[in-house]
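Chain by chain, the residues:
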Protein chains: 4
Amino acid sequence: MKNILGSNLTLTLFGESHGEAIGAVIDGISPGIKVDRNEIDRMLTLRRPAGLISTQRKEQDEYSIVSGVFEGRTTGTPICIIIQNSSQHSKDYSKTRSLARPGHADYAAYCKYHGYEDYRGGGHFSGRITAAIVAAGAIIISALKAKGIEIGSHILRLADICDRDFGNYSDDIKYLSDKTFPVLSKEAAERMNARILKAREECDSVGGILETVITGLPAGLGEPWFESVESKISQAMFAVGGVKGIEFGKGFGMADICGSEANDPFRAENDKIITTTNNNGGINGGITNGMPIIFRLAVKPTPSIYKKQETIDIFKKENADIEIEGRHDPCIVHRARIVVDSLAAFTCADMLIGRYGTDYFTPEE
Amino acid sequence: MKNILGSNLTLTLFGESHGEAIGAVIDGISPGIKVDRNEIDRMLTLRRPAGLISTQRKEQDEYSIVSGVFEGRTTGTPICIIIQNSSQHSKDYSKTRSLARPGHADYAAYCKYHGYEDYRGGGHFSGRITAAIVAAGAIIISALKAKGIEIGSHILRLADICDRDFGNYSDDIKYLSDKTFPVLSKEAAERMNARILKAREECDSVGGILETVITGLPAGLGEPWFESVESKISQAMFAVGGVKGIEFGKGFGMADICGSEANDPFRAENDKIITTTNNNGGINGGITNGMPIIFRLAVKPTPSIYKKQETIDIFKKENADIEIEGRHDPCIVHRARIVVDSLAAFTCADMLIGRYGTDYFTPEE
Amino acid sequence: MKNILGSNLTLTLFGESHGEAIGAVIDGISPGIKVDRNEIDRMLTLRRPAGLISTQRKEQDEYSIVSGVFEGRTTGTPICIIIQNSSQHSKDYSKTRSLARPGHADYAAYCKYHGYEDYRGGGHFSGRITAAIVAAGAIIISALKAKGIEIGSHILRLADICDRDFGNYSDDIKYLSDKTFPVLSKEAAERMNARILKAREECDSVGGILETVITGLPAGLGEPWFESVESKISQAMFAVGGVKGIEFGKGFGMADICGSEANDPFRAENDKIITTTNNNGGINGGITNGMPIIFRLAVKPTPSIYKKQETIDIFKKENADIEIEGRHDPCIVHRARIVVDSLAAFTCADMLIGRYGTDYFTPEE
Amino acid sequence: MKNILGSNLTLTLFGESHGEAIGAVIDGISPGIKVDRNEIDRMLTLRRPAGLISTQRKEQDEYSIVSGVFEGRTTGTPICIIIQNSSQHSKDYSKTRSLARPGHADYAAYCKYHGYEDYRGGGHFSGRITAAIVAAGAIIISALKAKGIEIGSHILRLADICDRDFGNYSDDIKYLSDKTFPVLSKEAAERMNARILKAREECDSVGGILETVITGLPAGLGEPWFESVESKISQAMFAVGGVKGIEFGKGFGMADICGSEANDPFRAENDKIITTTNNNGGINGGITNGMPIIFRLAVKPTPSIYKKQETIDIFKKENADIEIEGRHDPCIVHRARIVVDSLAAFTCADMLIGRYGTDYFTPEE
């Protein structure tokens, strides 16, 4: 199963940056879920480049849902979403066809596909494909909301600038929901923006750390061993090109504390079982414990930079220099956010449908 | 597919800590691979508790390969490895049955299995199951070696004590191969040992960071998106109970550098394509680029500690205190190492068989 | 994995009869395969209704390949084929919405999807979806041919009229390749046509038996037990709505003979191993033995007939009569043929890629 | 996924006829199901050879459930069942190692595994492995019964002798439940027995047709296309070595009737929806319609016969004669029956858990 995520609910991706269209197929979804085009638009907007901190490429993201939705609701059969490609500058790429862009998949793809790959603009590896993830994710995120499950992410760190920590999850998720630059502290947001613009001026790029929270999941989801919640979420997240690390709860900070601190004490509170700390990020032994899921992702600086770089000519196997042209993002951390939310939503829905059956999201009458 | 790892080569786990036996089934393996019992013994020894820094529970790990191996070689049909459980102190657990051990899966498992789970010693969640992973992994690791692919891990950090970085991978992997405490610097190893003993005296535990390298993989393995090399490795690694984070190459450090530094320049060197840095950990766009794969894992402090802890009674939904008895590890980082190597081996072999076919490891005649 | 066929090579279907479009995603295909639009057109023509023996609905089957093909060849990334729906008479269906058509999925789908299904024209259950299977299949069939693997099917029996048996497979496959009514004996073909027209006049429908041969497959494909060649082919074939039986080789005739007759004797012939009979249809123990694969499918009479039928009102749970309007096929055996060939091709390619790796179909240079 | 059946509930098989042990792993089962050893014994007895109509090999089938069952109930974690091999006459096989037994997998397996396969007694292809399927199936069959779902099979035809058709399903299933020779008509049973003994005397073997019914399944199970109920059942059934055909409902007889007869009229009867005929075998469009599932399997004559046969020497690629020694069944139709029931049970349980969630079989309190 190559381009397919999930086991009960599956997401299949297709498309290349400069091909005719990109898209996704969602299969295994409960029938009867309301498909809210406003929600899809809201989420696509959050992914779309905006302002000088993003690429100047205009992406209209005009999508059609060609199957699986009838009279505004999911039918239970596969949903195919198609997004036409329109704003392509294919000539930007052709002259550097033979030069492997450092930090990109060009060379690895060549080794894998023997030169038959559509190399234009990264082809199937392009971040462009994430538009399909987001459009598809919007349907799932709506369905989760109706079940009281919410997902939100902010830029915890961009280069050396930190956002404040999550406070009240519900309020913060709401606050983030319409921000194209998802930072909780306004002051930090401004400094981060400035930092990206500086990178842009320097023909360079910057990375950062995203932090995501999922609230409202019942305890008992996930499996021991290979389908642990961490296994499933991390598999999904590493689909995103620039993600190079993930940690749950205290994560790498676990090395700094003892077991007596790392163990989250259980408490009974108003008929609910909670933990008083959440170092394990809502997951014990791979299974949800009812606390919010917390994870953080390391997102690398965009590899497309305008500075001259050393590389090779793929065909001649010779050293060469490359100067990338075209329109590129000096930072993708903020745009990656809604992709992360979408993939998190898929993973949650996949586990919920697996556990509670295919009608889990179907409205009761 | 719950307890099953892989798509072309699969690993199925079964067993509970205090049940009759644990084990694993390997399916999809190439026929003709030599099964070296010395290698299995070597690896099981590295997982087995040794000295005061580990649990005092004696695990003999007597295994039988009941299928799939004939005249010392793999047949190509499923290999089942059975490891009997012998040294069980079930009574240690029964009296605290109703108390959820903090940091453990007890409560989450109860929510999932409604109380039918075998709670003794963590049941199916027990680290004991990893013995089956290691025995199975030894067969795969031998097969990889014959193809020039090597895997090694060291404790990069234990609590606040750091090992030196990897130097010459081949030498370091060799050095680590017979160390039950896998640290490259002898001085660091001693200090780490002392730190674990201190934790033991304090009835507490410590965690750390493992660093793993895989050398010799061809470029072009992995898939864009959901079966990226990072997706597959992370899915496997988060099967290990205590792992709470993973990063590839520069990982979370990517937030500290610019694109011009993060991008690994390609160079042609003696008919080989290399990168002069390896910030991407041998993976571009989810695909191997021929450089060594590098990743690091955050391993949390063992949750089983002797200090009194706050928790709940699962059945009464009331607050309670727990004092864990029995024999436990004050640290599992060193023992987790060979499990990590085994799972890395599986993931590599799964990708190789997928790419090159089922006879990839079959000796040519 | 619901609407997904295959493990190494996957085919994902989407679409409803009266929705915006139908289509398919092929994933896991070797890079470099020539995509021949003439072959796609040839095969789509064979599926398209023609003459009075088929529905009078005109289907243009205008398809676009929106991804995965670049400069006329497969890239190795997912191929998405979209076929727009154009000739829809949705009003034909709405007035009988509440009446379950006997022999159709209407009632079963209602139980599964709780009324949210797109009921128009059978929705996702419609034979219309097979156009996507055929378009996708054409790419695979071309790739198989280049490897010397050929597939052909004829109507062995229609109602009580029998075709002659396969003679020289290669000649017969060639003969069938451009016949919209795939019968080897011209005389039988005429009688079958007349039989269908008679059914049409009687407002009724007829079924039959298709026989398929696959030549050129190497010995050693398939797996013991659950991925036997029979398991894989039958899983694919029962995707076709009207198929109610499958048999391999002698099939149900096996009950009529003794082991001494059923066993196909092996012989060495000109450096090749053959069997002198082929009662096992080219498969022993689930694995190909190098002889042609032979199977037969029972295809039921089209359930859409104009005669008045007894049924129920789904919503009222009351008895009712139904008179189906619209345009329907009095027989689909001939049109099902190329769908069968396409699915057989997928199954073969899936097994070949699994066994020999992802580059199996990539041209050598 | 090679030796693995199912998607929500999985069955993994391992073992060779003359290896140390055979067995199965069941994963994904609901927690809390009572494991009744009497039921396992009953079913293993029905598979065990009995009398002169079966092999004289004595198989004790001593099994252990080494995991996944605690205090007599399923825990929800993987159940591993191990059956030791004891009565092996390996020398019977070694001298004919190089001779491919006609109708057996020997030659095909050699092509697949390159001679590394365990050839003794058919190795992993041996019918012996079905003991593991039956032991595992017994647990599932008990669970289904508790939900009102029953499965039964009889020998509809053996050579040219026919049993009577099913009458009252419930009574007939009960009648068959303790018969080692599952035939409804006593008179037919006697004649069939005599026919098998005659085949035995002639050093030959006979085949037949099994008919299976599944009652009590809810409407709405299965998926359109590739996970149709027919797809799933047929995939499972063709795992059984000797099965060469399957048909649902009227099956191949569909070619003999018109649509007006083939369509099963729906009727509302006492608040239930039924069909007045069941030509579609309880399945419309791949989905259950609430009527009993009916299918028939063609089982070929046992390929191990004592008559001299023509074959090849695998290594020399030369013609040769073979005279099979050892102890073999002149007929396996009756013994295959309970394997069929077991696999049908798995398929049903897999679909039910997929549809209703992992707790479907968990007893409510």
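Conventions used here
- Residues numbered from 1 in each chain as written.
- Chains lettered and ligands numbered in written order.
- Predicted model: local features only at pLDDT ≥ 70, side-chain atom pairs only at ≥ 80, totals over all residues.
- Heavy atoms only, no water.
- Helix = DSSP H or I, 4+ residues; strand = E, 2+ residues; numbered from the N terminus.
- Rg over C-alpha atoms; globule rule 2.2 N^0.38 Å.
- Buried < 20%, exposed > 50% of the residue type's maximum accessible area, 1.4 Å probe, protein only.
- Contact = heavy atoms within 4.5 Å.
- Areas by Shrake-Rupley, 256 points an atom, 1.4 Å probe, with all protein chains shown as cover.
- Lys, Arg positive; Asp, Glu negative; His and termini not counted.
- Charge placed at Lys NZ, Arg CZ, Asp CG, Glu CD.
- Pairing = 2+ DSSP bridges.
- Buried area = accessible area lost by both parts, 1.4 Å probe.
- Salt bridge = Lys/Arg side-chain N within 4 Å of Asp/Glu carboxyl O.
- Polar contact = N/O pair within 3.5 Å; in protein donor to acceptor, adjacent residues only side chain to side chain.
- Least-squares fit on C-alpha atoms with pLDDT ≥ 70 in both.
- Axes fitted to C-alpha atoms, helices over the stretch in contact; angles between N-to-C directions.
- Parallel < 35°, antiparallel > 145°, perpendicular 65-115°, else oblique.
- Nonpolar A, V, L, I, M, F, W, Y, C, P; charged D, E, K, R; others polar.
- Expected span 1.5 Å × (residues − 1).
- Bend = angle between axes of the 7 residues up to and from the residue.
- Phe/Tyr/Trp six-rings, centres within 6.5 Å; stacked < 30°, edge-to-face > 60°.
- pLDDT = per-residue confidence, 0-100.
- Left-handed = near helix turned anticlockwise from the far one by under 90°.

### Some remarks on the overall build of chain A
- Within chain A, the regular secondary structure consists of 9 helices and 18 strands.
- Relative to the globule expectation of 21 Å for 365 residues, the C-alpha radius of gyration of chain A, 21 Å, shows essentially globular dimensions.
- Its C-alpha atoms give chain A principal-axis dimensions of about 65 × 50 × 35 Å.
- Put simply, chain A has 365 residues, and 72% of those count as buried.
- A sequence separation of at least 24 residues applies to 70% of the contacts in chain A between residues at least 6 apart.
- Here chain A displays about 11300 Å² of accessible surface, and carbon together with sulfur accounts for 46% of that area.
- Between the centroid of the 42 positive side chains of chain A and the centroid of its 48 negative side chains there is a distance of 4 Å.

### A word on the sheet that holds strand 1 (residues 4–5) of chain D
Residues and elements named next belong to chain D.
- Spatially, the 5 strands line up as an open sheet ordered 1-2-3-7-4, and their pairing is antiparallel. Pairing within the sheet leaves two strands with one partner each, and these edge strands are strand 1 and strand 4 (63–67).
- Where strand 4 lies against strand 7 (residues 79–84), 4 bridges are found, and the strand directions are antiparallel. Among the inter-strand pairings, Tyr63 is bridged to a residue of strand 7, identified as Ile83.

### Comments concerning the interface of chain D and chain B
- Contacts between the two partners involve 49 residues from chain D, matched on the other side by 49 residues from chain B.
- Of the roughly 3800 Å² buried where chain D meets chain B, counting both sides, 62% is carbon and sulfur surface.
- Run the count over chain D and chain B and you get 0 salt bridges.
- Across the contact surface, chain D and chain B share 8 residue pairs in polar contact (both at pLDDT 80 or more).
- Listed by contribution, the elements that provide at least two residues to the side of chain D that touches chain B are strand 2 (10–15), strand 3 (21–27), strand 4, strand 6 (73–74), strand 7 and helix 3 (106–113) of chain D.
- No other element matches strand 2 of chain D, which puts 5 residues into the side of chain D that touches chain B.

### Some remarks on the relation of the copies chain B and chain A
- By a simple turn and slide, chain B fits onto chain A: the slide is 0.0 Å along the axis, the RMSD is 0.0 Å, and the turn is 180 degrees. With respect to symmetry, the two chain copies, as superposed, fit the operation of a two-fold axis.
- In this assembly, 100% of the residues forming the interface of chain B have copies in chain A that are likewise at the interface, indicating an isologous arrangement.

### A closer look at the relation of the copies chain D and chain B
- Once chain D is rotated about the relating axis by 180 degrees and shifted along it by 0.0 Å, it coincides with chain B to within an RMSD of 0.0 Å.
- When you check the interface residues of chain D against chain B, 100% turn up at the interface there too, and the contact is symmetric in its surfaces.

### Comments concerning the packing of helix 7 (residues 229–237) of chain C against helix 7 (residues 229–237) of chain D
- Remark: helix 7 of chain C packs on helix 7 of chain D, axes separated minimally by 8 Å, with the N-to-C direction vectors making an angle of 175 degrees. The angle between the axes of helix 7 of chain C and helix 7 of chain D places the two elements in the roughly antiparallel class. For the pair helix 7 of chain C and helix 7 of chain D, contact is made by C:Ser231, C:Ser234 and C:Gln235 and by D:Ser231, D:Ser234 and D:Gln235, respectively.
- Looking at side-chain class alone, the contact of helix 7 of chain C with helix 7 of chain D contains no nonpolar, 6 polar and no charged residues.

### As for helix 4 (residues 130–146) of chain C
Residues and elements named next belong to chain C.
- Between its first and last C-alpha, helix 4 extends 24 Å over 17 residues, near the 24 Å set by a 1.5 Å rise per residue.
- Helix geometry: helix 4 is bent most strongly at Gly137, by close to 30 degrees.
- With 15 of 17 residues buried, helix 4 is to be regarded as a mostly interior element.
- In the segment just after helix 4, Gly148 is the residue with positive phi, at about 80 degrees.

### Looking at the packing of aromatic side chains
- Per the counting criterion, the structure on display carries 38 aromatic pairs over all chains.
- Ring plane angle 80 degrees and centroid distance 4.8 Å describe the contact between A:Tyr360 and A:Phe361, whose orientation is recorded as edge-to-face.
- Residue classification places A:Tyr360 among the buried positions, given a relative accessible area of 15%.
- Clustering of aromatic rings is evident, with ring pairs tying together A:Phe238, B:Phe248 and B:Phe295.

### Some details on the sheet that holds strand 1 (residues 4–5) of chain B
Residue and element names in this part refer to chain B.
- Taken in spatial order, the 5 strands make up an open sheet running 1-2-3-7-4, and their pairing is antiparallel. On the outer flanks of this sheet lie strand 1 and strand 4 (63–67), each paired with one strand and no other.
- Pairing geometry for strand 2 (residues 10–15) and strand 3 (residues 21–27), over 6 bridges, is antiparallel. By the bridge assignment for strand 3, Gly15 is matched with Ile22.

### Describing the side chain of C:Glu223
- Positionally, C:Glu223 belongs in the loop between strand 10 (208–215) and helix 7.
- The exposure class assigned to C:Glu223 is buried, which follows from its relative accessible area of 9%.
- A polar contact is formed between the side chain of C:Glu223 and the side chain of D:Lys112, at a distance of 3.0 Å.

### Some points on the interface of chain B and chain A
- With 99 residues of chain B at the interface, the matching set in chain A holds 100 residues.
- When chain B packs against chain A, close to 8200 Å² is buried across both sides, 60% of that on carbon and sulfur atoms.
- Three residues stand out in chain B for area buried against chain A, namely B:Trp225, B:Phe226 and B:Lys244, and they jointly supply 13% of the buried area on that side.
- Here chain B is connected to chain A by 8 salt bridges.
- B:Lys112 is paired through a salt bridge with A:Glu223; the nearest N and O atoms lie 3.0 Å apart.
- Our enumeration of links across chain B and chain A arrives at 46 residue pairs in polar contact (both at pLDDT 80 or more).
- Element by element, the count of residues in the side of chain B that touches chain A is highest for strand 11 (residues 243–248) of chain B, at 6 residues.
- Of the residues belonging to the side of chain B that touches chain A, the class tally is 48 nonpolar, 30 polar and 21 charged.
- Relative to strand 11 of chain B, strand 11 (residues 243–248) of chain A runs antiparallel, the two sharing 3 bridges. If you follow A:Ile246 over to strand 11 of chain B, its bridge partner there is B:Ile246.

### Concerning the pairing of strand 13 (residues 272–275) of chain D
- Sheet analysis places strand 12 (residues 266–269) of chain D next to strand 13 of chain D, joined by 4 bridges and oriented antiparallel. If you follow D:Phe266 over to strand 13 of chain D, its bridge partner there is D:Thr275.

### A look at the side chain of A:Asp350
Residue and element names in this part refer to chain A.
- When you line up the elements, Asp350 lands in helix 9 (residues 333–356).
- Given a relative accessible area of 2%, Asp350 falls into the buried group.
- A polar contact is formed between the side chain of Asp350 and the backbone nitrogen of Ser7, at a distance of 3.1 Å.
- Not counting residues up to four positions away in its chain, the partners in contact with Asp350 are Gly6, Ser7, Asn8, Leu9 and Lys232.

### Here we look at the confidence of the model for chain A
- Mean pLDDT over chain A works out to 94, with 97% of the residues at or above the 70 mark.
- We note a pTM of 0.97 for the whole complex and an ipTM of 0.97 for its interfaces.

### Examining the packing of helix 4 (residues 130–146) of chain A against helix 9 of chain A
Residues and elements named next belong to chain A.
- Close contact between helix 4 and helix 9 brings their axes to 8 Å; oriented N to C, the two are set at 50 degrees. By the angle between their axes, helix 4 is oblique relative to helix 9. Here helix 4 runs over helix 9; the crossing is left-handed. Only Ile338, Val339, Asp341, Ser342, Leu343, Ala345, Phe346, Cys348, Ala349 and Leu352 of helix 9 make contact with helix 4, whose side of the interface consists of Thr130, Ile133, Val134, Ala136, Gly137, Ile140, Ile141 and Leu144.
- In terms of residue class, the contact of helix 4 with helix 9 is built from 14 nonpolar, 3 polar and 1 charged.

### Focus: the environment of D:Pro303
- Structurally, the position occupied by D:Pro303 is in the loop between strand 16 (293–299) and strand 17 (309–313).
- In the structure, D:Pro303 is positioned 202 residues away from D:Arg101 in sequence and 7.9 Å away in space, judged by C-alpha atoms.
- Contacts of D:Pro303, omitting those with residues within four sequence positions, involve C:Asn263, D:Pro102, D:Gly103, D:His104, D:Gln309 and D:Ile324.

### Topic: the pattern of salt bridges
Residues and elements named next belong to chain D.
- In this structure the tally under the stated criterion is 89 salt bridges over all chains.
- Here Asp329 ties to Arg335 by a salt bridge, and the two come within 3.0 Å at their closest N and O atoms. Each member of the pair, Asp329 together with Arg335, is buried.
- Three or more residues joined by partner-sharing salt bridges are found here, namely Arg47, Arg48, Asp61 and Arg128.

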